[in-house]
Structure formats: C-alpha cells, structure tokens
Amino acid sequence: MDRERTGRAPRIGLALSSGGARGFAHVGVIKALHQAGLNVVGVAGSSMGSIMAAGYAIRGDIEELERWVLAFRARDHARRGLPIMDAERITDFFDTILGGARFADCALPLAIVATDLERGEPATLTAGPLALAAYASMAMPFLHRPVRWEGRLLAEGSLSCVLPLAQARQARDATVDLVIGSMVGQEWGRLDDALAGLSRTAGRITRGWRRQYADFFRARNLHLVADIAEPAPPTIVVAPDLVRVGVFDFAKAKEAIAAGERAALAKLGEIKALLGFTERR
C-alpha cells in the first residue's frame, strides 16, 4: 500500500490480550503508537485486555488511561486476604471510571470478548454497559460468578480467545489496513491442566453456579493458547518482555507500561513498512 496514493492516514485495529497485571503493558504499546502518529480506529480486548480496551476506547485518551492505571490499587478491590478481584467492587470501580458508559458512548469502536460457557465459544460484545461487559470478560473460573448476558452465560475471555485479532479488524465504519496485537499473556499450560483437573475431581460435588464451570471444562478438550493465525489485513503481534511481571503484580504497573512501550517502539519500523511509509531522502 502506498500511503501517499491513498490520500488518507492508514487505519489500525488494535487487539489487547489477556494477562492479568501484565495487561498494564498494553498502555505502553498504545502510547508508542500515539507518539508515532499512527491512527487507531478500533480496539478489541479479552479479559484484562478488555479493561484496557474500554478505558482507551471511551475517549481515545491514552494519557487518561495511564493515570487510571498508575493510580490503581489492587488491594482496594480484592477479596480479603486474596489477590483475586472482588466481583462487586471491581465492577463498581469500572462503572465509576467509565462514567456508567455503554458501548455506544465510546469515541472508538470497541469489542469485548468473553467466553460463552454453554456453547464453548467466544462471545463478542459490542453493545450494552461497558462495566458489565468488562467484568464478564474477566470472570475467572470457579472464583467469579458467570454473567448472564442476552440469554448467554459468559465468563473469562481467554478461555476461548486470548488475543482477539479477528475482532480488531472489524472496526465499525472503517477499513482497517493493519491489525496490531499486544500479547502479554503467559503460557497457559499449567492453568489449563489445573482447571481441567479441578473440573474432574470436583465436578461431582460442585453445586450452584460453579457447576457451570465444571461442565464447561469436562465438555471440552481445552487448550488455552492464543490463536494468532494471520487474518487479512496484515497483522503484527507485539510481545513485551514481562519476565519480571506476574499476573498478580498489580504494583508493577509502571514497569509493565515501560516494557510495552519498548516493545512497540522496536516494531515501529516493521509497522511503518507494512503501512507504506517511506523514508524521505
């Protein structure tokens, strides 16, 4: 693609992966794209990526999102004595920072990906209340109650879609020239084995809403990995070096943001080449 011949700025769809506290690196990735003058026209997120995606899409203001992230204190929203977010507290927090917004209020087209537990497939949310959609995408198996949404039973997005590249290329009313994925998730092998084992051993005695998770895992030969097969348009995946940041290291937001920014800056040459930018001599 020749940028000058098209007569418009190239348009980017952004996909933000799951990854717990490592997802703060998405902020650094977006900062680097903004500083390079690149035009993001839509964003999709899964699990922690859905929270970052919603925070960015609401006004398209990366500086505001960074302020929210740096001010976040996980202990204020966690269950007592555990690093797990309390469902009611974190949903109220999302609703507060997002101003009770709905998808239609966003400055940028937004897609949030959760998992349909009954169908065993991704559920892409593009309408309704943002805070509830973000919570549905991060509802952890056996720890958070699944969310009822338009007749579906939804939970953790990464159970079916770690990195929502396909959703990112479907920005409303805009042709996307390039999809950029920010991939911060760790290897899911151990979690996969642990959850599958839990569903087998506890499935017979699990009752209430937790039984829905047990049924989901027993029904599927599940492998929690990212589907990064390249769709059209072209796709680049940025993978920040987060070896020192774990999924519960919410106090390391500044370190994660810096890692995301470094990783995106390292990819700028490749990104600009795909977008048809040429060096002037």
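Definitions and limits used
- Residues numbered from 1 in each chain as written.
- Predicted model: local features only at pLDDT ≥ 70, side-chain atom pairs only at ≥ 80, totals over all residues.
- Heavy atoms only, no water.
- Helix = DSSP H or I, 4+ residues; strand = E, 2+ residues; numbered from the N terminus.
- Contact = heavy atoms within 4.5 Å.
- pLDDT = per-residue confidence, 0-100.
- Salt bridge = Lys/Arg side-chain N within 4 Å of Asp/Glu carboxyl O.
- Buried < 20%, exposed > 50% of the residue type's maximum accessible area, 1.4 Å probe, protein only.
- Core = buried A, V, L, I, M, F, W, Y, C linked by side-chain atoms within 4.5 Å.
- Axes fitted to C-alpha atoms, helices over the stretch in contact; angles between N-to-C directions.
- Parallel < 35°, antiparallel > 145°, perpendicular 65-115°, else oblique.
- Left-handed = near helix turned anticlockwise from the far one by under 90°.
- Nonpolar A, V, L, I, M, F, W, Y, C, P; charged D, E, K, R; others polar.
- Arc of directions from axis to C-beta.
- Pairing = 2+ DSSP bridges.
- Right-handed = clockwise from strand over helix to strand, strands pointing away.
- Polar contact = N/O pair within 3.5 Å; in protein donor to acceptor, adjacent residues only side chain to side chain.
- Phe/Tyr/Trp six-rings, centres within 6.5 Å; stacked < 30°, edge-to-face > 60°.

A closer look at the overall build of the chain
- Along its length, the chain carries 10 helices and eight strands.
- Contacts spanning at least 24 positions in sequence make up 76% of the contacts within the chain whose residues lie at least 6 apart.

Details of the confidence of the model for the chain
- Overall, the predicted model of the chain reaches an average pLDDT of 82, with 79% of residues at or above 70.
- Across the chain, helix H2 (residues 25–35) holds the top mean pLDDT of 97, while helix H1 (residues 3–6) sits lowest at 48.
- Within the model, the stretch residues 222–230 combines pLDDT values under 50 with 19 contacts to residues more than four positions away or in other chains.

Side note on the pattern of salt bridges
- Taken as a whole and assessed by the stated rule, the structure comprises nine salt bridges.
- A salt bridge links Glu121 to Arg119, with the nearest nitrogen and oxygen atoms 3.9 Å apart.
- For Glu121, a relative accessible area of 34% gives the class partly exposed.
- Connected through salt bridges with shared partners, the residues Lys31, Glu66 and Glu261 form a single ionic network.

Overview of the nonpolar core
- Counting 80 residues, the largest nonpolar core has Phe24, Met52, Leu110 and Ile271 as the members making the most contacts within it.
- Broken down by element, this core gets its largest block of residues, eight residues, from helix H10 (residues 253–274).

Things to note about the packing of H2 against H10
- The geometry of H2 relative to H10 is characterised by a closest axis approach of 6 Å and an angle of 40° between their N-to-C directions. It follows that H2 is oblique to H10 by the angle criterion. At the point where H2 passes H10, the crossing takes the right-handed sense. Only Ala256, Ile257, Gly260, Glu261, Ala264, Leu265 and Ile271 of H10 make contact with H2, whose side of the interface consists of Ala25, Val27, Gly28, Val29, Lys31, Ala32, Leu33 and Gln35.
- Grouping the constituent residues of the contact of H2 with H10 by class yields 10 nonpolar, three polar and two charged.

Brief notes about helix H9 (residues 210–219)
- For H9, the set of buried residues is Tyr213, Ala214, Phe216 and Phe217. Projected down its long axis, H9 shows its buried positions confined to an angular sector of 160°, all on one face.

Some thoughts on the pairing of strand S2 (residues 39–46)
- With seven of its eight residues buried, S2 lies for the most part within the structure.
- The pairing of strand S1 (residues 11–16) with S2 spans six bridges and is classified as parallel. Note on S2: the bridge partner recorded for Gly13 is Gly42.
- Read from S1 through H2 to S2, the crossover connection turns out right-handed.

A closer look at helix H4 (residues 62–71)
- Three or more residues of H4 are buried, namely Ile62, Glu64, Leu65, Glu66, Trp68 and Val69.
- Buried-residue contacts for H4 involve H2, helix H3 (48–57), helix H5 (87–97) and H10.
- One side-chain oxygen at the N-terminal end of H4 lies 3.1 Å from the backbone nitrogen of Glu63; it belongs to Asp61.

With respect to the packing of H5 against helix H6 (residues 130–138)
- At a minimum axis distance of 8 Å, the contact between H5 and H6 shows a crossing angle of 140°. Between H5 and H6, the angle is such that the two are oblique. Where H5 crosses over H6, the two elements pack in a sense that is right-handed. Residues Ala87, Ile90, Thr91, Phe94 and Asp95 of H5 form the contact with H6, whose own contacting residues are Ala131, Ala134, Tyr135 and Met138.
- Partitioning the contact of H5 with H6 into residue classes produces seven nonpolar, one polar and one charged.

With respect to the packing of aromatic side chains
- Scanning all chains against the criterion turns up five aromatic pairs.
- Centroid distance Phe72 to Phe93: 5.5 Å. Interplanar angle 50°. Geometry classified as tilted. Within this pair, whereas Phe72 is found in the loop between H4 and H5, its partner Phe93 is found in helix H5, the two being separated by 21 residues in sequence.
- For Phe72, a relative accessible area of 11% puts it in the buried group.
- Its relative accessible area of 22% is what places Phe93 among the partly exposed residues.

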